[in-house]
Amino acid sequence: MITAVDTNIILDVLIPGEPFGESSKELLDRHLSKGKLILCEVVFAELAARFPSEQELASFIADTRMNLVYSNDKSLYMAGSRWAEYARKSAKNRFSCGKCGHAFEATCPQCKAVLTKRLHVLADFLIGAHALVRADCILSRDLGVYRTYFSDLKVIDSV
């Protein structure tokens, strides 16, 4: 079994005192015992912000037996096309829940103006498409985007 890992699961383990630290560690261990853990370039880059040197990040990746697996044309195209679908739907200024994906509008409680939002960055879609093409499932706590735009991806939460 090949399991993709999202940045938030790794940060749960790396950052002391994180509420999901123990459950995320158990999830990683369980999936490592079933096969291979992989990271895409985006997750690797997001992790780089937490390490003082490239060598320390490389050592962490090696020590945890995770592997950097590069995206291919199929996953990159999928990421772009699903992000475009999201952007079209988001043009209506609807917000979406990060946990369940439910979309809704929000208004200012004082002046009643409809609030606008910024789009999710393409990174979430690159991670999801990479997992769908290169892995059997993804470990993540960021369920909304994956469940809404990657309903064909098996998402496993550490909660």
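Residues numbered from 1 in each chain as written. Predicted model: local features only at pLDDT ≥ 70, side-chain atom pairs only at ≥ 80, totals over all residues. Heavy atoms only, no water.

> Please explain unusual backbone geometry as it appears in this structure.
Positive phi outside glycine occurs at Arg-65, with the angle close to 60 degrees. Tracing the sequence through the fold places Arg-65 in the loop between helix H4 (54-63) and strand E3 (66-68). (Helix = DSSP H or I, 4+ residues; strand = E, 2+ residues; numbered from the N terminus.)

> Honestly, empty space enclosed by the protein in this entry has me stumped. Any pointers?
Where empty space is left in the structure can be found by rolling a water-sized probe over the atoms. Enumeration over the complete set of coordinates arrives at 1 cavity of 30 Å³ or more. The space that makes up the largest cavity amounts to roughly 40 Å³. Mapped by element, the contributors of at least two residues to the lining of the largest cavity are strand E1 (2-5), strand E2 (36-39) and helix H6 (122-134). Looking at the lining of the largest cavity, the element that brings in the most residues is H6, giving 3 residues. (1 Å grid on protein atoms, 1.4 Å probe; cavity = no way out; pocket = protein on both sides within 12 Å on 5 of 7 lines; lining within 4 Å. Points joined across faces, edges and corners; volume = space filled by probe spheres on them.)

> Would you mind showing me how to read helix H2 (residues 21-34) here?
Along an α-helix, residues three or four positions apart point the same way, because every turn accommodates 3.6 residues. Along its 14 residues, H2 runs 20 Å from first to last C-alpha, staying within 8% of the 20 Å computed at 1.5 Å per residue. Each element contacted by the buried residues of H2 is listed here: E1, helix H1 (7-14), E2, strand E6 (137-139) and strand E7 (155-156). (Expected span 1.5 Å × (residues − 1). Contact = heavy atoms within 4.5 Å.)

> Just to check I follow, could you spell out the sheet that holds E6 for this structure?
Strands pair in a sheet through their backbones, by hydrogen bonds, and they do so in one of two ways: parallel or antiparallel. Within the open sheet, the 5 strands sit side by side as E3-E2-E1-E6-E7. Their pairing is parallel. The sheet is open, and its two edges are formed by E3 and E7, each paired on a single side. Note that E6 and E7 share 2 bridges and pair parallel. Residue pairing in the sheet places Ile-138 in a bridge with Val-155 of E7. Strand contacts of H6: E1, E2 and E6, with the helix running at about 145 degrees to E2, the strand carrying the most contacts. (Pairing = 2+ DSSP bridges. Axes fitted to C-alpha atoms, helices over the stretch in contact; angles between N-to-C directions.)

> What should I look at first to understand the layout of surface pockets in this one?
Roughly 170 Å³ of volume is contained in the second largest pocket. As for the second largest pocket, its lining consists of Ile-10, Val-13, Lys-25, Leu-28, Asp-29, Leu-32, Leu-37, Phe-60, Thr-64 and Met-66. For the lining of the second largest pocket, the elements supplying multiple residues, two or more each, are H1 and H2. Ranked by residue count, the leading element in the lining of the second largest pocket is H2, at 4 residues. Broken down by class, the residue content of the lining of the second largest pocket amounts to 7 nonpolar, 1 polar and 2 charged. (Nonpolar A, V, L, I, M, F, W, Y, C, P; charged D, E, K, R; others polar.)

Keep in mind these values describe shape, not function.
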